[in-house]
Every structure is written in structure tokens, then in C-alpha cells.
Amino acid sequence: MNKYKIFSLTLISILVLSAFSFKSKVTTIYLIGDSTVADYSLEENYPTKKFPQVGWGQMFPSFFKKDSLKQVASILGNATEVKIDDRAKGGRSTRTFFQEGRWASVYNSLKKGDIVMMQFGHNDASVEKTERYVNIEGYKEFLRLFSNQTKEKGAIPILMTPVARNYPWKEGKLSNVHGEYPQAVKDVAKELNVKLIDLNELSMEFFSLKGQDFVTTNYFMNFEAGKFEAYPDGQKDNTHFQTAGGTEVARLVFNAMKKL
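Residues numbered from 1 in each chain as written. Predicted model: local features only at pLDDT ≥ 70, side-chain atom pairs only at ≥ 80, totals over all residues. Heavy atoms only, no water.

Q: Hey, could you go over the nonpolar core for me, with residue numbers and the actual values?
A: Within the largest apolar cluster, 44 residues are counted, with the highest numbers of intra-cluster contacts made by Ile29, Trp56, Phe60, Phe64, Leu76, Met117 and Phe207. Counting residues per element, this core draws most heavily on helix H11 (residues 243-257), at seven residues. Other than its neighbours up to four places away in sequence, Leu76 contacts Thr27, Ile29, Phe64, Leu69, Val82 and Ile115. (Core = buried A, V, L, I, M, F, W, Y, C linked by side-chain atoms within 4.5 Å. Buried < 20%, exposed > 50% of the residue type's maximum accessible area, 1.4 Å probe, protein only. Helix = DSSP H or I, 4+ residues; strand = E, 2+ residues; numbered from the N terminus. Contact = heavy atoms within 4.5 Å.)

Q: Can you break down the packing of aromatic side chains residue by residue, with the values?
A: Taken as a whole, this structure holds 22 aromatic pairs when the rule is applied. For the ring pair Phe60 and Phe64, a centre distance of 4.9 Å and an interplane angle of 80 degrees mean the geometry is edge-to-face. Neither residue differs from the other here; Phe60 and Phe64 are each classed as buried. Ring centres 4.9 Å apart and planes at 40 degrees place the aromatic pair Trp103 and Phe146 in the tilted group. One end of the pair, Trp103, is in helix H6 (residues 102-109); the other, Phe146, is in helix H7 (residues 136-152), with 43 residues separating them in the sequence. Of the two residues, Trp103 and Phe146, neither departs from the other in class, the shared state being buried. Among the aromatic residues, those joined into a ring-pair cluster are Phe97, Phe98, Trp103, Tyr107, Phe120, Phe142 and Phe146. The ring of Tyr107 has Lys153 lying over it, and the distance from NZ or CZ to the ring centre is 4.4 Å. (Phe/Tyr/Trp six-rings, centres within 6.5 Å; stacked < 30°, edge-to-face > 60°. Lys NZ or Arg CZ within 6 Å of the ring centre and 35° of its normal.)

Q: An account of the sheet that holds strand E2 (residues 81-86) is needed here, citing residue identities and associated values.
A: Within the open sheet, the five strands sit side by side as E2-E1-E3-E4-E7. Their pairing is parallel. The open sheet is flanked by E2 and strand E7 (195-197), the only strands paired with a single partner. Going from strand to strand, the sheet's axes swing by 25 degrees on average, the running direction of each strand aside. The strands touched by H7 within the sheet are strand E1 (26-33), strand E3 (115-119) and strand E4 (156-160), with E4 carrying the most contacts at an inclination of about 155 degrees. Along the sheet, helix H8 (residues 181-192) contacts E4 and E7; its crossing angle with E4, the most-contacted strand, is approximately 150 degrees. (Pairing = 2+ DSSP bridges. Axes fitted to C-alpha atoms, helices over the stretch in contact; angles between N-to-C directions.)

Q: Go over the pairing of E3 with me, naming the residues and quoting the values.
A: Counting buried positions along E3 yields five of five residues, so the element is predominantly enclosed. A two-sided burial pattern is seen for E3, the buried positions comprising Ile115, Met117 and Gln119 on one face and Val116 and Met118 on the other. Both E1 and E3 contribute to a ladder of five bridges, which runs parallel. Counted as the bridge partner of Gly33 is Gln119 from E3.

Below, the structure written as C-alpha cells:
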């Protein structure tokens, strides 16, 4: 075999190996939580039944374009593609998410290097709704369970404090409405050495800067009758987001991921 044939075979081998080494690495980010995280576009007849209500998870995929992945490389590593798998569901607390088998479904799907972002608390704190209520100790125990089982699969858990509601406002600033639940998340994150995004604090600060009137009208589900087909009588809801609100909360989460 002459030197030219050897060179050609070597070049072909290099090209073949390069093709394998540049194979796309897909990381799945699972979102688990309640209505403020959920993707309502997955529901039947969304435009006529729910729009413009969104969870921030619904707006999250738009932040993971290929040219933006390097901004969150500290958490994604060498991922070349990200898939957002939003498993959040309205009305769920940590306990009901577990009891309904929703966590088992995520756990069984997890692969090494995947990410689980968990934001609960709105429903856990609903003392008057016994079917979903979870006290602080129970809340912490379920967060431990989700975090530890995520680690078992070689995936990365990210704990999140619950996003702010649009009340109470005091002297032009939005205050914490979630009682001891945000601190419980911080306690578990520290105990288990798990990454944390303090979305409660971030959203309170951001909404306060925008001002109560602007946030109420543009970010939360407050509008007059006749504006949207799904809400012929209008809506007054200071927990759930319109499209702009969900987008801005998703941006807060993405920017927080850059610092993890």
C-alpha cells in the first residue's frame, strides 16, 4: 500500500471519528410544580379555554436557543441541545404530585446529566384545602425525596422557592405571601448541598421595580370583560400569569441559572 492510500484511509478515519465526537448532546430539563409553572398550551382547546394564561415553564423553551446555551454552561456542561419537559400541573402540592404518580413518571424517565427544576409551595400552604395541604416538615421531606432520587439517577436537582403572588403590597414594595415555605426550600438546599434559585425573592424584587399598577395589568391575569374568548366576563387573578408575566418570570429563572 503506497503512502497516498495510507494518507487517504487515515483522513477518512479521522472524519468518521469526528462525526461521532460532534454528535449532539441533548439534555432534558424537567419542570415539576404547580399552575404557575405549567404549560397550558398542552391542554385541549387552549386558545379558547385558557389563553392568555401561562405558566413560566410554558415560556421557558424560548430561552434555550443554541447560541444561548453557553450562558448556562455551568449547569448544562457541554450540552448542544436542551429539551424542556414541563410536567407541572395546576393545583398540585409536593404530596399530591407524588401521590398521583407524577414524580414516578419523571424519575423513570431521568437520565444522567438531566436536570430537575422543582417549584412548589402555593398549594402546599393551602391550609383550608386539606386535599392538597402539606405542613412545613412534610414539604421539606418531599423536596428531600425529589432531590435525592434525582441524584440517584445522576441527574441534577435545582430547588426553587415559590414565585411571588401579586400581594401583599406595602409602601410600594411586594412582600412575601408564602410564610415559612421559601425558607424551608433554602434549608433543604443547604442540608443536601443542592442548587437553589430563590425565585420568591427575585420575583418580589422585579415586580416591585415595575410597580403594582403595571404588574397587575400586564403580568397577572387581570383584564376587563370581552378582551379574551376564554374569559368573556373578564378576570381578576393575582396568582397566575398572562403571557408577558410568564415570559419575564422565565427570564428571571434563566438569568438565575447563569449564576449556578
